[in-house]
Protein chains: 2
Amino acid sequence: MHNTWSENREGIKASSSHVTGGSLINSDEIKNPGALEAEEAPLGTDTASAMGRDGSGSNGKEKNNDYGQVGKRSSNQYHGNSKFKRIIFDKNPAPVDMSKLLSFGYVEDDAIGLSIQVKNPYLDAMEEDILYHFSLGTKTHNLPEMFGDLKFVCVGGSANRMKAFAQFIHQELELPGNPEEVSDICEATDRYCMYKVGPVLSMSHGMGVPSISIMLHELIKLLHHAQCRDVVLLRLGTSGGVGLAPGTVVVTDKAVDYSFLPQFEQVVLGKVVTRSTELDEGVANELLQCSAELQQFPTVIGNTLCTHDFYEGQGRLDGALCSFSHEDKLEYLRKAHAAGVRNIEMESSVFAAMCRVCGLKGAVVCVALLDRFEGDQITSSHDVLVEYQQRPQVLVSHFIKKRLGRAV
Amino acid sequence: MHNTWSENREGIKASSSHVTGGSLINSDEIKNPGALEAEEAPLGTDTASAMGRDGSGSNGKEKNNDYGQVGKRSSNQYHGNSKFKRIIFDKNPAPVDMSKLLSFGYVEDDAIGLSIQVKNPYLDAMEEDILYHFSLGTKTHNLPEMFGDLKFVCVGGSANRMKAFAQFIHQELELPGNPEEVSDICEATDRYCMYKVGPVLSMSHGMGVPSISIMLHELIKLLHHAQCRDVVLLRLGTSGGVGLAPGTVVVTDKAVDYSFLPQFEQVVLGKVVTRSTELDEGVANELLQCSAELQQFPTVIGNTLCTHDFYEGQGRLDGALCSFSHEDKLEYLRKAHAAGVRNIEMESSVFAAMCRVCGLKGAVVCVALLDRFEGDQITSSHDVLVEYQQRPQVLVSHFIKKRLGRAV
């Protein structure tokens, strides 16, 4: 069953015709991103969407699919993007039982356009909301004044890299002031760093799903409190490539788990809830188009395997623990590749899941630092790695400038 | 079945007679730590150890228990501690099939005493091992010279806090030089910070299991390459208390998962492997004894719930997503408390699991910043929080000084 799905996705997304940049461009194949944004995905391309991990659907009472009500929202709100309706384990297309939803504490959002949808009925009744890991709060800071004009939130693991991106986008947008003097809004804490440059926020999120999850909860609350609208969220990261030349940039189609399924398992009060991890197709295609225009480095759209560690989960032979052979590793990577996986990182699944649930358009743009078929250790020189890490920044900067009407 | 286990543990570990510090000391109940280290735990106290998550044992071929061979090691190596033999899902006490183990690539370790046991047959054959996230390597750094004398590795989430601990332990050990001038050995990267102060290493690990997991793999390899012996690993952290006064320090007995079972699920090449998360009983009791001697703050031994996020997984009502009621939250916390859980954090499970597998004595010492029965937001003043965060440092410093024969 996985293979059926994999082969379908392979044909649609990860074929070489979707590789752009350098000599790999085949621009005839690249559709107009504006048109794609409102385009319905062909039915039947995602045969895994109704399957459970073992191909047998939901496996017991501990498995739940929450936030299924998003499919009921107006098509206006989602620009007719059908993906929001295709939720894993959601075999039953019957109307959502609103009384049940409300009993879970959900509230319907009357927002027009792409407002930030916190899904927490308690939040607005709180006298004060302390965003603890940001050292910000609704009583101590005027969040609408500080953040109300944000349109792009760019996040990445490393604090140094996100500071560098803030300085880079400051230059690229030709904003007044000295780019070197960007200041860390979260300087009272060392959990994350945060820089605001015009309509762009640049933030670090640390490594791994739990670390980015804390940041996303507080970021989404911040955007809600600040009354932001039409925000695009972009993760700029590094990754291991799967059958790609080092330096290739991967724009994520779906974030997949260790079984190559596009889902994220969230524990809520001791119960496992499964959420979909499909990202916004329109933004992904827009980014691919940007790479075609830049012609500086190869870029592909593919699935991204999101793991919870760097060594055993990714099949590395160089960790403190390794209980498998080189051939076992290669077999797993081959299966991943057959399922459309083009890179491996550690944050995309919860990023995609939370973007979907909260009505945020999100994209994951990671450079592959090495080809995992060739090795495990990152041995490129410092200068080469620095240049690779700039590639997602260059691509996202071009995307932002185009959206703002600033691209040349 | 969980209740049986919980009540047993409750009686053994989390009763008020094991609370020390301030007016809560009952030193008659505190056993000699030296004697405890070699003591066999009473049989039958851990009825959950042969159960699966749903109480029905291993649930299918995707569940494996690796590193089961540790039970075969000499009792000399583990000081007769019986806990290493009690592995979850290990219902079959038959002799280990060595040919099968060796086929997985394990090698038997001839180490004498408590050497660091990397469980990776490929490691010593590598021409160079680059500890990428530390910016260190076996070719570029003389690791035995830099780290060979280490006896204590102290880790915590925050870089600033672990720098402060390095400066504090420098003063406490009355080492030559200016404590203010400790330098970050990992300054070439911003993933982690690392300070060496005499026999003590102070390192940050970021937030969440994946982040600390990367650090532990590279740390254990570092200790192996540096030929360190008899190292104790201590995590100093912050946490949410479960039925404890804010400021109480919790020394972890077992790290438990969302079902309150003492296990950690690690994905290895697409398969879920379950590892035990019991920590060293001798070190925990030694720490409790230290608190009794200090008489500065209350300390308890209890189970620690390790979650993969800060909001939904911990039952917080103040995240961007919340689909449960206040009563649902309280019910989950009550169940946790009944299972012996005294605090909640986000790193202890993989810390405990990796310490066990690699033959490292480990302890988790976290202060509770709030009582989760009373609320979700951390509202204490900055000064109060700073003082709370120093408590694990004060306790661990006393432990280190005693071990070095420096305590007054």
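Residues numbered from 1 in each chain as written. Chains lettered and ligands numbered in written order. Predicted model: local features only at pLDDT ≥ 70, side-chain atom pairs only at ≥ 80, totals over all residues. Heavy atoms only, no water.

**Student:** I keep staring at the UniProt feature "domain: Nucleoside phosphorylase" (unreviewed entry) in chain A and nothing clicks. Help me out?
**Tutor:** Per the UniProt record, "domain: Nucleoside phosphorylase" (unreviewed entry) is found at residues 151-401 of chain A. Counted over residues 151-401 of chain A, helix gives 35% and strand 27%. Its end C-alpha atoms are 12 Å apart. (UniProt positions renumbered as here; feature names shortened; annotations may be inferred. Helix = DSSP H or I, 4+ residues; strand = E, 2+ residues; numbered from the N terminus.)

**Student:** Any chance you could explain the side chain of Glu347(A) here in plain terms?
**Tutor:** All names here are of chain A. Relative to the helices and strands, Glu347 is located in the loop between β12 (341-345) and α9 (348-357). Given a relative accessible area of 6%, Glu347 falls into the buried group. Those residues in contact with Glu347 that lie beyond four places of it in its chain are His205, Gly206, Met207, Gly208, Val209, Ile212, Arg235 and Cys306. (Buried < 20%, exposed > 50% of the residue type's maximum accessible area, 1.4 Å probe, protein only. Contact = heavy atoms within 4.5 Å.)

**Student:** How should I be thinking about the environment of Tyr388(A) in this particular structure?
**Tutor:** With respect to the helices and strands, the residue Tyr388(A) is situated in helix α10 (residues 382-403). As a C-alpha pair, Tyr388(A) and Thr238(A) span 150 residues in sequence and 8.6 Å in three-dimensional space.

**Student:** Sorry if this is basic, but what is going on with the relation of the copies chain B and chain A here?
**Tutor:** Note that the two copies of the chain are related through a rotation about an axis and a translation along the same axis. Under the fitted operation, chain B is carried onto chain A by 0.0 Å of movement along the axis and a turn of 180°, and the coordinates agree to an RMSD of 0.0 Å. This pairing of chains is accounted for by a two-fold axis. Residue by residue, 100% of the interface of chain B is reproduced at the interface of chain A, so both copies engage with the same surface. (Least-squares fit on C-alpha atoms with pLDDT ≥ 70 in both.)

**Student:** Help me understand helix α10 (residues 348-357) of chain B, please; the structure alone is not making it clear to me.
**Tutor:** All names here are of chain B. Counted residue by residue, α10 has ten buried out of ten residues, so it is predominantly covered. Turning to α10, its buried residues number three or more, namely Ser348, Ser349, Val350, Phe351, Ala352, Ala353, Met354, Cys355, Arg356 and Val357. Backbone geometry just after α10 places Gly359 at a positive phi near 70°.

**Student:** What am I meant to see in the pattern of salt bridges here?
**Tutor:** Think of it this way: side chains of opposite charge can pair up when their charged atoms draw near. In total, this model carries 31 salt bridges over all chains according to the counting rule given. Salt-bridge contacts for Glu387(B) lead to Arg391(B); the nearest nitrogen and oxygen are separated by 3.0 Å. Note that Glu387(B) and Arg391(B) are positioned in helix α11 (residues 382-403) at a spacing of four residues, about one turn of the helix. Given a relative accessible area of 35%, Glu387(B) falls into the partly exposed group. By relative accessible area, Arg391(B) is classed as buried at 13%. Salt bridges sharing common partners tie together Arg235(A), Glu345(A) and Glu347(A). (Salt bridge = Lys/Arg side-chain N within 4 Å of Asp/Glu carboxyl O.)

**Student:** Hey, could you run me through the interface of chain B and chain A in this one?
**Tutor:** How big an interface is tends to be stated in terms of accessible area lost as the parts join. Taken together, the contact between chain B and chain A spans 74 residues of the former and 74 residues of the latter. Across the chain B/chain A interface, buried area totals approximately 6100 Å², and carbon plus sulfur atoms make up 58% of it. For the pair chain B and chain A, the interface holds two salt bridges. Between Arg275(A) and Glu312(B) there is a salt bridge; the shortest N-O distance is 2.6 Å. At the level of elements, α6 (159-172), α7 (209-225), β9 (263-268), β10 (271-276), α9 (326-338), α10 and α11 of chain B are the ones that each hand at least two residues to the side of chain B that touches chain A. A per-element tally of the side of chain B that touches chain A places α7(B) first, with nine residues. (Buried area = accessible area lost by both parts, 1.4 Å probe.)

**Student:** When you look at the packing of helix α6 (residues 209-225) of chain A against α9(A) in this model, what are you seeing that I'm missing?
**Tutor:** Between two packed helices, what matters for the description is the angle formed by their axes and the separation of those axes. All names here are of chain A. At a minimum axis separation of 9 Å, α6 and α9 run at an interaxial angle of 25°. Classified by the angle between their axes, α6 and α9 sit roughly parallel to one another. The handedness of the crossing between α6 and α9 comes out as right-handed. Of the residues in α9, those touching α6 at Val209, Ile212, Ser213, Leu216, His217 and Ile220 are Ser349, Val350, Phe351 and Met354. Taken together, the residues of the contact of α6 with α9 break down into seven nonpolar, three polar and no charged. (Axes fitted to C-alpha atoms, helices over the stretch in contact; angles between N-to-C directions. Parallel < 35°, antiparallel > 145°, perpendicular 65-115°, else oblique. Left-handed = near helix turned anticlockwise from the far one by under 90°. Nonpolar A, V, L, I, M, F, W, Y, C, P; charged D, E, K, R; others polar.)

**Student:** Any chance you could explain the packing of aromatic side chains here in plain terms?
**Tutor:** Remark: the centre distance and the inter-plane angle together describe each pair of aromatic rings, the angle taken between the planes. Residues and elements named next belong to chain A. All told, the structure shown has eight aromatic pairs over all chains when counted by the stated rule. With 5.3 Å between their ring centres and 35° between their planes, Phe260 and Tyr332 make a pair best called tilted. Linking Phe260 in the loop between β8 (249-256) and β9 (263-268) with Tyr332 in helix α8 (residues 326-338), this pair joins segments that are 72 residues apart in sequence. Of the two residues examined, Phe260 and Tyr332, each falls in the buried class. The ring of Phe310 carries the charged tip of Arg316 above its face, separated from the ring centre by 3.7 Å. (Phe/Tyr/Trp six-rings, centres within 6.5 Å; stacked < 30°, edge-to-face > 60°. Lys NZ or Arg CZ within 6 Å of the ring centre and 35° of its normal.)

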